Amino acid sequence: MPTSFNFIEAPGHQIRRAHQVSIALFMDETAGFDVTPVQFAILNALMDDPGEDQVTLAGRVAFDAATSGSVIGRLEAKGWVRREADPADKRRKLLWVTPEGQQVALQMKRAVSKVQSRLLKPLSAAERKRFGVLLGKLIAGHEGAE
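Residues numbered from 1 in each chain as written. Predicted model: local features only at pLDDT ≥ 70, side-chain atom pairs only at ≥ 80, totals over all residues. Heavy atoms only, no water.

1. Observations concerning the side chain of Glu52
Okay, step 1: With respect to the helices and strands, the residue Glu52 is situated in strand β1 (residues 52-53).
Okay, step 2: A residue is classified by how much of its surface remains accessible, and Glu52, at 12% relative accessible area, is buried.
Okay, step 3: With near-sequence residues (within four places) excluded, Glu52 lies in contact with Leu46, Leu57, Arg60, Lys93, Leu94 and Leu95. (Helix = DSSP H or I, 4+ residues; strand = E, 2+ residues; numbered from the N terminus. Buried < 20%, exposed > 50% of the residue type's maximum accessible area, 1.4 Å probe, protein only. Contact = heavy atoms within 4.5 Å.)

Structure (structure tokens):
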């Protein structure tokens, strides 16, 4: 009788489960803000680089450029992001966080920090540091490899 693949111990399955835990914690801590993790990342990235173009921004937050337009559209509808055509290239869209969007992102910082603490709570301080290093190495090793 053939045995099935042991997906429970497979890294891909474990990463997916960890992602589910992370999203659940994020949604729990940020429930009053009506925002997703990607929206929060976009707001913060734009606070760091106002006027960034939509495609570059999508790359910075590791999100599909084609899908990012709808996410940005939802942020724009909330009044948190302003989008304008680049005067030099009308096809290119430049983005800024509005004062209201910046205020919301700053208010969320404490909740998002709490998410990170809750997520890593089962690990010791040394394990947390090592886990971060290993995740960074895993991601960097696959960047651009498609």
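The rest of the description comes next.
2. Regarding the pairing of strand β3 (residues 89-97)
Okay, step 1: Bridge count between β1 and β3: two bridges; the pairing is antiparallel. Its bridge partner lying in β3, Glu52 is registered against Leu95. (Pairing = 2+ DSSP bridges.)

3. Observations concerning the sheet that holds β1
Okay, step 1: The three strands are arranged β1-β3-β2 in an open sheet whose pairing can be described as antiparallel. This sheet does not close on itself; its edge strands, each paired only once, are β1 and β2 (81-86).
Okay, step 2: Helix-sheet contacts for helix α2 (residues 37-48) involve β1, β2 and β3, and the interaxial angle to β3 is about 95°.
Okay, step 3: Of the strands in this sheet, β2 and β3 touch helix α4 (residues 65-77), which is tilted by about 125° from β2. (Axes fitted to C-alpha atoms, helices over the stretch in contact; angles between N-to-C directions.)

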